[in-house]
Amino acid sequence: MVEDSSKRKRPNILVTGTPGTGKTTTSAALAEATRFRHINIGELVKEKNLHEGWDDDLDCYIINEDLCVGTYKEVCDELENSMEEGGNILDYHGCDFFPERWFDCVVVLQTDNSLLYDRLVKRGYTESKLSNNVECEIFQVLLEEAKESYPEDRVVALKSDTIEDISRNVSTDRLGEKLAFFIPMA
Ligand code: ADP
Ligand code: MN
């Protein structure tokens, strides 16, 4: 069992991956299946104005990463009570960002390069943003980041190529087993 989760009745899950791998779609499906809270960090920082403007290259809001002052601290303060309570699915494209103690399970979604390319074209990404993101996927940047930031047994890489993958990922697949371990009511 994860040491820091001892006070939580339900687990917290981080769903991460390169933009376009299906974090938001998967998190929403997982929230429906588990009745956990889906927290889209991008939406949260926008709604509560916990950012310092828009980063057009990375296609996300800028969060000041100083641990003690500014927007990173504000985001963490905003989430701390919910995270202590448990039962949260955080949806974010980074994983060395939040306190390690928050998560019982870190899901890294992975998508075939050409499928990912097509999804990002549909999103209207420019050529340079397309290649940056597909490269990020090819080099498994998020998976490496997750393995560096969390104990290996908490990290689960899941394929997210098709809609069937999503159904499988939120039900009986490896994640289902991982979660069953943490969810007493299951
Ligand atoms: P992210 O939040 O990681 O950027 P989204 O969940 O917004 O990704 O998905 C991006 C697009 O790709 C959406 O149009 C979504 O419907 C599609 N998509 C995501 N995951 C899959 C999948 N496993 N199979 C098919 N389409 C997917
Ligand atoms: Mn998203």
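Refer to the preceding data block for the structure.
Residues numbered from 1 in each chain as written. Chains lettered and ligands numbered in written order. Predicted model: local features only at pLDDT ≥ 70, side-chain atom pairs only at ≥ 80, totals over all residues. Heavy atoms only, no water.

1. Let's talk about helix α7 (residues 163-170)
Item 1. Those residues of α7 not exposed but buried are D165, I166, N169 and V170. The arc enclosing the buried residues of α7, seen along the axis, measures out at 120 degrees, which places them on a common side. What points out from α7, more than 90 degrees from its buried face, is the exposed set I163 and E164. (Buried < 20%, exposed > 50% of the residue type's maximum accessible area, 1.4 Å probe, protein only. Helix = DSSP H or I, 4+ residues; strand = E, 2+ residues; numbered from the N terminus. Arc of directions from axis to C-beta.)

2. What about the side chain of T21?
Item 1. Take T21: it is sitting in the loop between β1 (12-16) and α1 (23-34).
Item 2. Relative accessible area serves as the criterion here: at 0%, T21 is assigned to the buried category.
Item 3. Engagement of the side chain of T21 in a polar contact is seen with the backbone oxygen of T18, the distance being 2.7 Å. (Polar contact = N/O pair within 3.5 Å; in protein donor to acceptor, adjacent residues only side chain to side chain.)

3. Focus: the environment of T21
Item 1. Taking C-alpha positions, T21 is 9.1 Å from L115, a pair spaced 94 residues apart along the chain.
Item 2. Once residues lying within four places of it in the same chain are set aside, the contact partners of T21 are L109, Q110, T111, L116, R119, E137 and S160. (Contact = heavy atoms within 4.5 Å.)

4. Describing the packing of helix α4 (residues 113-122) against helix α5 (residues 127-138)
Item 1. Two elements in contact, α4 and α5, have axes separated by 10 Å at closest approach and are oriented at 150 degrees. Here α5 runs roughly antiparallel to α4, going by the angle between their axes. Considering only the axes of α4 and α5, their crossing is right-handed. Facing α4, whose interface residues are N113, L116, Y117, L120 and V121, α5 presents E127, L130, N133, V134, E137 and I138.
Item 2. Its residues assigned to classes, the contact of α4 with α5 shows 7 nonpolar, 2 polar and 2 charged. (Axes fitted to C-alpha atoms, helices over the stretch in contact; angles between N-to-C directions. Parallel < 35°, antiparallel > 145°, perpendicular 65-115°, else oblique. Left-handed = near helix turned anticlockwise from the far one by under 90°. Nonpolar A, V, L, I, M, F, W, Y, C, P; charged D, E, K, R; others polar.)

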